[in-house]
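Residues per chain are reported as follows:
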Amino acid sequence: MDVAQARSECEQVLQTVSSSVVADDEFLETVLTAVLAKGHVLIEDVPGTGKTLTARSFASALGLSFSRVQFTPDLLPADVTGTQLYRESDDAFEFSEGPIFANFVLADEINRAPPKTQAALLEAMAERQVTVGGETHPLPDPFVVVATQNPVESEGVFPLPAAQRDRFLIKTSIGYPDPTAERGLLRQRTRRDEQTPSVRTVLDPERVRSLQAVPETVTVHDDIVGYITDIAQATRDDTRVEVGVSPRGTQRLLEATRARAIVDGRAFVRPVDVTAVAEPVLAHRLSLTADASVDGTTPAAVVSGTLDSVPAPTVSPPEERVATEG
């Protein structure tokens, strides 16, 4: 699949999802960017904004198997990964797959589960496999986890530790729709019998795998690489930050910028691709100092300030550079 075909596939998916999810284009493109980069998504927003619908709609449009896990305080790791069941007829144990064995997994209200159950996702998200009873089981390919959490409630929740947050390529939010969009949502609801709108299937697992391979062909100029590393270093040098972006976070930013270029239909990365994904990729990886938190500083504000302070390079398209050199 070439870049033009990939761009066409992305447009079809976005158009299909936007027919059921009331959200701005930037949010939907950000989620699709994570899928292309083989990453996972954390959506943090108040209840009723469409987080679950977003995950289900993307799974349907991409033609991927979908599984939803409702995280609760009594949820056990085996409820997510699966367990060994004894078959008396065969006098042997047999592995019973948990809901994690799907292409597109929704971890709903992930911060309601205890740390032990949250940790059950770590191996799955990082290694795309689970180990139960000493046996390792590969997960389906493609494999994407979309987790949701409610930032408002503080009782009965277990905040995600830094190691868990770092497993998510992107952290984003939907936000409230504007009045016009909300009126359109209500009008759509009066024209159908089902509460949840249906989404047509655009792709299939094989085409999604082909689509995910395209970002690896995207050209990244040395100046862009330098720009990304300068941004990461600036977060580490910021006096408001206790723990800056790790080398893994820098790599994830590179992967996201290449995927974003594909969403925009380009075979090369521009600085605008970096700035478009920097906040959702980097903000949740920062740990602020106590003084900064008391002052009301947010990780997103730190990333925004970093982008303002680090000069962006001027990079011309590859074909223009070849012409100039010739």
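Residues numbered from 1 in each chain as written. Predicted model: local features only at pLDDT ≥ 70, side-chain atom pairs only at ≥ 80, totals over all residues. Heavy atoms only, no water.

1. Re the overall build of the protein chain
Our working rule: Strands here mean DSSP runs of E at least two residues long; helices mean DSSP runs of H or I at least four residues long; both are numbered from the N terminus. By definition in these notes, contact holds between two residues if any of their heavy atoms fall within 4.5 Å. Using a 1.4 Å probe, accessible areas were evaluated by the Shrake-Rupley method; residue-level cover was limited to the displayed protein chains. Under this rule, positive means Lys or Arg and negative means Asp or Glu; His and the chain ends count for nothing. Here the site of a charge means NZ on Lys, CZ on Arg, CG on Asp, or CD on Glu.
A tally of regular secondary structure across the protein chain gives 14 helices and eleven strands. Each principal axis of the C-alpha atoms in the protein chain carries an extent, and together these give about 75 × 45 × 45 Å. Considering only contacts within the protein chain whose residues lie at least 6 apart along the sequence, 77% involve residues at least 24 apart. Of the accessible surface of the protein chain, which amounts to about 15,700 Å², a share of 49% is contributed by carbon and sulfur atoms. In the protein chain, 30 side chains carry a positive charge and 48 a negative one; their mean positions are 4 Å apart.

2. Points about the pairing of strand β5 (residues 104-108)
As a reminder of what qualifies: The rule is simple: take the accessible area with a 1.4 Å probe, protein chains only, and divide by the maximum for that residue type; under 20% is buried, over 50% is exposed, in between is partly exposed. Criterion used throughout: strands pair if DSSP finds at least two bridges between them.
The element β5 is extensively covered by neighbouring structure, given that five of its five residues are classed as buried. Burial along β5 is two-sided: the residues F104, L106 and D108 and V105 and A107 are all buried. Two elements, β5 and strand β8 (residues 144-149), share four bridges in a ladder whose sense is parallel. Residue L106 lies in a different strand from β8, and its bridge partner there is V146.

3. As for the nonpolar core
Inclusion rule: By nonpolar core is meant a set of buried Ala, Val, Leu, Ile, Met, Phe, Trp, Tyr and Cys residues that side-chain atoms within 4.5 Å join together.
Membership of the largest hydrophobic core comes to 64 residues, with the highest contact counts inside it found for V13 and F104. The dominant element in this core, judged by the number of residues it contributes, is helix α2 (residues 25-36), at seven residues. Not counting residues within four places of it along the chain, the set of residues in contact with V13 comprises L32, F58, A61, L62, V202 and L203. V80, A102, V130 and V132 belong to the second-largest nonpolar core, a separate cluster that totals 24 residues.

4. Considering the side chain of D273
Inspection of the secondary structure puts D273 in helix α11 (residues 271-282). Non-local contacts of D273, meaning those with residues more than four positions away in its chain, are made with T257, R260, A261, D264, R266 and F268.

5. Comments concerning the packing of α11 against helix α13 (residues 299-309)
Operational definition: Only the stretch in contact is used when fitting a helix axis, every axis being a line fitted to C-alpha atoms; angles between N-to-C directions are given from 0 to 180 degrees. Any angle from 65 to 115 degrees is called roughly perpendicular, while one under 35 is roughly parallel, one over 145 is roughly antiparallel, and all others are oblique. The handedness criterion is simple: a crossing whose near helix is rotated anticlockwise from the far helix by less than a right angle is left-handed, and one whose near helix is rotated clockwise is right-handed.
One way to put it is that α11 packs onto α13 with a least axis distance of 9 Å and a crossing angle of 150 degrees. Between α11 and α13, the angle falls in the class roughly antiparallel. As α11 packs across α13, the resulting crossing turns out to be right-handed. Taken together, the residues of α13 that come into contact with α11 (itself represented by T275, A278, E279 and L282) are A300, V303 and L307.

6. Here's the deal with the environment of N111
Within the secondary structure, N111 sits in the loop between β5 and α5 (115-127). N111 sits in the buried class, given a relative accessible area of 7%. Along the chain, N111 and E153 lie 42 residues apart, while their C-alpha atoms are 10 Å from each other. Ignoring any residue separated from it by four or fewer positions in sequence, one finds N111 in contact with Q118, T148, Q149, N150, V157 and F158.

7. Quick notes on the sheet that holds β8
The strand order across the open sheet formed by five strands is β2-β5-β8-β1-β9, and the pairing between neighbours is parallel. Every interior strand has two partners, whereas the edge strands, β2 (66-70) and β9 (170-172), have only one. In this sheet, neighbouring strand axes are inclined to one another by 15 degrees on average, regardless of whether the strands run parallel or antiparallel. Two elements, strand β1 (residues 41-44) and β8, share four bridges in a ladder whose sense is parallel. Bridge assignment links V41 to a residue of β8, and that residue is V146.

8. Notes on the packing of aromatic side chains
For the record, the criterion: Each aromatic pair joins two rings of Phe, Tyr and Trp (for Trp, the six-membered one) with centres within 6.5 Å, and gets the label stacked for planes under 30 degrees apart, edge-to-face for over 60, and tilted for any other angle. Criterion for a charge above a ring: Lys NZ or Arg CZ within 6 Å of the ring centre, and within 35 degrees of the ring normal.
One pass over the full model with this rule turns up two aromatic pairs. Between the aromatic rings of F95 and F101, the centroid separation amounts to 5.7 Å while the plane-to-plane angle is 65 degrees, which identifies the pairing as edge-to-face. Just as F95 is buried, F101 falls in that class too. Of note, R266 hangs over the ring of F268, and the distance from its end group to the ring centre comes to 5.8 Å.

Geometry only, nothing functional implied.
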